[in-house]
Amino acid sequence: MVKVRFAPSPTGYLHVGNARTALVNYLFARREGGRLLLRLDDTDTERGRPEFEQGLYDDLRWLGIEWDENAKQSERFARYEEVADQLKATGRLYPCFEGEDELASKRAALVKRKLPPIYDRGALNMTAEQRATAEANGKRPYWRFKLSDGAASWNDLVLGSRNIRLGTVSDPVLIRADGSPLYTFTSVVDDADMDITHIIRGEDHVSNTAVQIDLFQAITKKPVPRFAHLPLISGGDGEKLSKRIGSISLKSLRKDGIEPGAITSYLARLGTNKDPAPLPLPELVASFSLSDFSRSTPRFDARQLVALNRKLLHHIEFDAVKDRLPEGATPKFWNAIRDNIDMLTEARRWWEVVAGEFILPALPAHIPVWRAALDSLPPEPWDEATWKPWSTVISEATGAKGRDLFQPLRLALTGEEHGPEMAKLLPLIGRELVARRLASCVAADGTPG
Ligand code: GLU
């Protein structure tokens, strides 16, 4: 049974980078008929905040990502202590006393000799007496994991086969002097205890993987999970996502009016060989495969995201958006505008056009079509068939055709040069507002018609 986890640290809001990790784990779990665990890596009690935790749940739900199990590392300290004790008993976890300065000078000495700055296991070679002396002097040890000789290898489901000699890596610190366990350790204990079969995460964790495999094998006889590391998304100029675009929070995208479906459609295929398409989650699941992901760095393209959003809006029915439309908006209004907006937030502007007042933009010089339009206003009731014969009358009266006819009318009635079909907008604006707008155009121009 496939089981994956999304393991965010609640030290900030969900952003594009980790939303993608969450989504890919979700799609994989559903595709494989497996389970998704949402695990909070919340042992960092100083930086974690309850509102970030709630924010994570809210943002995941907003995206439509459902999980099957919850876990919190902050509730598992006793278990980490238990496993630490086992590792101490077998000599794999050993106490260290060197301070930062001492370690720094050791590293500097190695670098000077052009050697890799790997920890020399000085503390491992201490005698029991030396340790006792250190502790008697008031020093409390922190604990390092003694890596195996040899190598750790794995066949990464995205990056391909990897082999890292453990001799090239420092023994990692797993427990701080104050007794608190570190991510490298807690994560492996949890992955083992919670029967995780696949670890799908960002490529920034590749450097942890060799150590975590070795640690996993020291802790349990269970099979080591498979790994899939997704290359980090970059901005347009190759900058790593985590710095700029990656830090775009879902909150801010939501505020900008981007639909959750556009985000999931975009992120599901970013960095794969498939074109992004505005698909609902079940279809993204059905077409998902980890083997579609490329080893190269994907580029985040906000225009593509907006284009997906636009396409998605074309197919959204009124009932699905009515709560987010301006008060009073009708299905007819939605049908008139939905093909012409990039984001739902733009609906407000069009609502002002059909229902409210708007400030007339700077107008070009006298345009006779305004006067002619005012003079030939058809009587109500108006519907979508009103526009065509009316504009024909205006054209005949003024000789204006095509752009010269439609552009000034659109401008006078909507204040915009582009937008939804005038035939659909006209009955929504209604005769009274149309008359008033045309009259003020004529007046603003100052030329008697
Ligand atoms: N809490 C870690 C992070 O947010 C989890 C990494 C992992 O998936 O192992 O980066």
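Residues numbered from 1 in each chain as written. Predicted model: local features only at pLDDT ≥ 70, side-chain atom pairs only at ≥ 80, totals over all residues. Heavy atoms only, no water.

Undergrad: Got a minute to help me understand the environment of Pro-389 in this structure?
TA: Mapped onto the fold, Pro-389 is located in helix H16 (residues 387-398). Judged by relative accessible area, Pro-389 falls into the partly exposed class, the value being 47%. On a C-alpha basis, the gap between Pro-389 and Asn-18 in space is 55 Å, while along the polypeptide they are 371 residues apart. (Helix = DSSP H or I, 4+ residues; strand = E, 2+ residues; numbered from the N terminus. Buried < 20%, exposed > 50% of the residue type's maximum accessible area, 1.4 Å probe, protein only.)

Undergrad: Could you clarify how one ought to interpret the pattern of salt bridges in this entry?
TA: Pairs can form between side chains of opposite charge whenever their charged atoms are close. What the rule picks out here adds up to 29 salt bridges. Asp-319 is the partner of Lys-322 in a salt bridge, and the nearest nitrogen-oxygen pair spans 3.3 Å. Classification of Lys-322 as partly exposed rests on a relative accessible area of 39%. Members of the salt-bridge network, linked through shared partners, are Arg-5, Arg-39, Asp-41, Arg-76, Arg-79, Glu-82, Asp-190, Asp-191 and Asp-193. (Salt bridge = Lys/Arg side-chain N within 4 Å of Asp/Glu carboxyl O.)

Undergrad: Teacher, can you tell me more about unusual backbone geometry here?
TA: Residues apart from glycine generally show negative phi values, whereas peptide bonds are mostly found in trans. Note that the residue after Glu-380, namely Pro-381, is joined by a cis bond; omega there is 5 degrees. You can see Pro-381 is positioned in the loop between helix H15 (368-375) and H16. In this model, Lys-114 sits at a positive phi of 60 degrees, which is unusual for a non-glycine residue. Residue position: Lys-114 is located in the loop between helix H4 (100-112) and helix H5 (128-136). Residue class for Lys-114 comes out exposed when judged on its relative accessible area of 76%. For Asp-195, which is not glycine, the phi torsion reads 55 degrees and is therefore positive. Tracing the backbone shows Asp-195 in the loop between helix H6 (183-193) and strand S9 (198-202).

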